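What follows is each chain in one-letter form.
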Amino acid sequence: NAGVTQTPKFQVLKTGQSMTLQCAQDMNHEYMSWYRQDPGMGLRLIHYSVGAGITDQGEVPNGYNVSRSTTEDFPLRLLSAAPSQTSVYFCASTRDRVTYEQYFGPGTRLTVT
Amino acid sequence: GQQVMQIPQYQHVQEGEDFTTYCNSSTTLSNIQWYKQRPGGHPVFLIQLVKSGEVKKQKRLTFQFGEAKKNSSLHITATQTTDVGTYFCAGRRESGGSNYKLTFGKGTLLTVNP
């Protein structure tokens, strides 16, 4: 199993540009989520999904859209990038209803100039 | 909203010294998880605590969940250079909200001088 994969690893955008961060998992996990990590801020939940076709907002959803058309994929869209969205983005998936242990992808480092 | 506070923010130790990081929640938690993130890496799950007063050990790591289920700690005995990284706690609220969402503390960065 590849686990949780994310592409790209690095990205530089200009203010106002749009892009999609890709996330895929091959573990047949129902639950997937997106976090952003900023220095000194820990991990903050952006959006999450409890299954295909179901998504919900997390702590910091503004400026981001998600969809979950399949169990495997959970892309994160930035519609109009802003410098405040410069961050490291982690996708995570959860296997187990009991432990809710999260498996994180390797991350995407995004810079918005 | 729910807040999870973690202290200290940074800790530098000599190899062989002990290390402890503390996590406090503003609300009662149903469970708490601990993750480790190596520099440049991604968070990796270490353990989950569920019961009031629970204590779990993993080799040199000891995890505790408070009696009131509002605080937790991670203690590392005799640190090694391989322990370097940021340790995060993440709590799930006991009542209300999604049973899935975790709130992460800001983490404690541990550095170890060999």
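As a reminder, the structure under discussion sits directly above these lines.
These numbers were taken from a predicted model, which means no experiment stands behind them. (Residues numbered from 1 in each chain as written. Chains lettered and ligands numbered in written order. Predicted model: local features only at pLDDT ≥ 70, side-chain atom pairs only at ≥ 80, totals over all residues. Heavy atoms only, no water.)

(A) Inspection of the interface of chain B and chain A at higher detail. Counting residues at the interface gives 19 residues for chain B and 22 residues for chain A. Contact between chain B and chain A buries roughly 1,700 Å² in total, counting both sides, with carbon and sulfur atoms accounting for 58%. Seen at the junction of chain B and chain A, the total is zero salt bridges. Of all the elements in the fold, those that place two or more residues in the side of chain B that touches chain A are β4 (29–37), β5 (44–49) and β9 (85–93) of chain B. Looking at the side of chain B that touches chain A element by element, the count peaks at three residues for β4(B). Residues of the side of chain B that touches chain A, tallied by class, amount to seven nonpolar, nine polar and three charged. (Contact = heavy atoms within 4.5 Å. Buried area = accessible area lost by both parts, 1.4 Å probe. Salt bridge = Lys/Arg side-chain N within 4 Å of Asp/Glu carboxyl O. Helix = DSSP H or I, 4+ residues; strand = E, 2+ residues; numbered from the N terminus. Nonpolar A, V, L, I, M, F, W, Y, C, P; charged D, E, K, R; others polar.)

(B) Structural detail: the pairing of strand β6 (residues 54–57) of chain A. Residues and elements named next belong to chain A. Relative to β6, strand β5 (residues 42–51) runs antiparallel, the two sharing three bridges. Along β6, the bridge assignment pairs His 47 with Gln 57. Following β5, the chain reverses through two residues before pairing antiparallel with β6; Gly 53 in that reversal takes a positive phi of roughly 85°. (Pairing = 2+ DSSP bridges.)

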